[in-house]
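Structural characterization, general
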Amino acid sequence: KVRDPKAVFGLTAAYPLGVLLALGRQSRMPVIKTFCIFYIELIRGVPLISLLFMSSVVFPLFLPEGVSINAVLRAQVAIILFTAAYIAEVVRGGLQGMNKGQYEAAESLGLNYTQTMRLVILPQALKIVIPPSVSILISAFKDTSLVVIIGLYDLLKTTKSVLSDPKWMGFAAEAYIFLAVVYFLCCFFMSTYSRKLERELSTDLEH
């Protein structure tokens, strides 16, 4: 089976986790802030392939005897954790770019921290970071092909398996061109949708 739909789900799940990490890094609580900083810097300093190998080889060694977790789920979690760290830094940049007057205005309205973030700051910050966020998600989507290294099937692995059949061995060029078109269409769709979202949210990137 092709695993890329699950990879797309993983990338979708990484975004809210990245937002939470960004908020945690901005937190005034030392424990939460320290944990988020440590996590983000650690994950950003490790290549994705290392996390995939750890999820495939190392993690099962710590599980109790008789307990197993699906290999696809483990790889999916690794992709989520990896992508979320990069999303967190992008969102943090958006939060830092907010004018202090926004916080003061929210405080004058009697909003607490949670309400300020949910109703005032985050909606504006997330508009600002749409382009870099989509860029990271597109890059992560293409990087999901690395799961082939730990023996999982994706579009690339499936294509290679099909080409190993004698009946299809003469169609290598056509198969890889089709594979490239599929990746291009998926990435183009994400890019186009992000531009549409920017227009709908009236995001002016030039000012």
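Look above for the structure.
So, here's what we can say about the structure.

1. Quick notes on a nonpolar patch on the surface
The grouping of F53, M54, V57, V58, L61 and F62 at the surface amounts to a nonpolar patch, some 630 Å² of accessible area in total. Among the structural elements, V57 can be located in helix α3 (residues 48–58).

2. Section: the state of the cysteines
Counted according to the given criterion, the structure contains zero disulfides. Distance from the sulfur of C186, which forms no disulfide, to the nearest cysteine sulfur (C187) is 6.7 Å. Judged by relative accessible area, which is 31%, C186 ranks as partly exposed. A residue is classified by how much of its surface remains accessible, and C187, at 12% relative accessible area, is buried.

3. Topic: the nonpolar core
Residues L21 and L95 are the most contacted members of the largest nonpolar core, which totals 43 residues. Every element with two or more residues in this core is listed here: α1 (4–25), α2 (30–44), α3, α4 (71–96), α6 (113–128), α7 (130–143) and α9 (172–200). Setting aside its immediate chain neighbours within four residues, L95 contacts A22, L23, Q26, Y103, M117, I121, L122 and A125.

4. A short note on the pattern of salt bridges
Enumeration over the complete set of coordinates arrives at five salt bridges. Linking R25 and E89 is a salt bridge whose minimum nitrogen-to-oxygen distance equals 2.9 Å. With R25 in helix α1 and E89 in helix α4, the pair connects residues that are 64 residues apart, well separated along the chain. A salt bridge links R92 to E89; its shortest N-O distance comes to 2.9 Å. Of this pair, R92 and E89 both sit in helix α4, three residues apart, which is roughly one turn of that helix. With respect to class, R92 is no different from E89; both count as buried. Members of the salt-bridge network, linked through shared partners, are R25, E41, R44, E89 and R92.

Cut-offs used in this document
Residues numbered from 1 in each chain as written. Predicted model: local features only at pLDDT ≥ 70, side-chain atom pairs only at ≥ 80, totals over all residues. Heavy atoms only, no water. Patch = residues over 30% accessible without salt bridge, like charges linked within 9 Å, V, L, I, M, F, W, Y side chains within 5 Å. Areas by Shrake-Rupley, 256 points an atom, 1.4 Å probe, with all protein chains shown as cover. Salt bridge = Lys/Arg side-chain N within 4 Å of Asp/Glu carboxyl O. Helix = DSSP H or I, 4+ residues; strand = E, 2+ residues; numbered from the N terminus. Disulfide = S-S within 2.5 Å. Buried < 20%, exposed > 50% of the residue type's maximum accessible area, 1.4 Å probe, protein only. Core = buried A, V, L, I, M, F, W, Y, C linked by side-chain atoms within 4.5 Å. Contact = heavy atoms within 4.5 Å.

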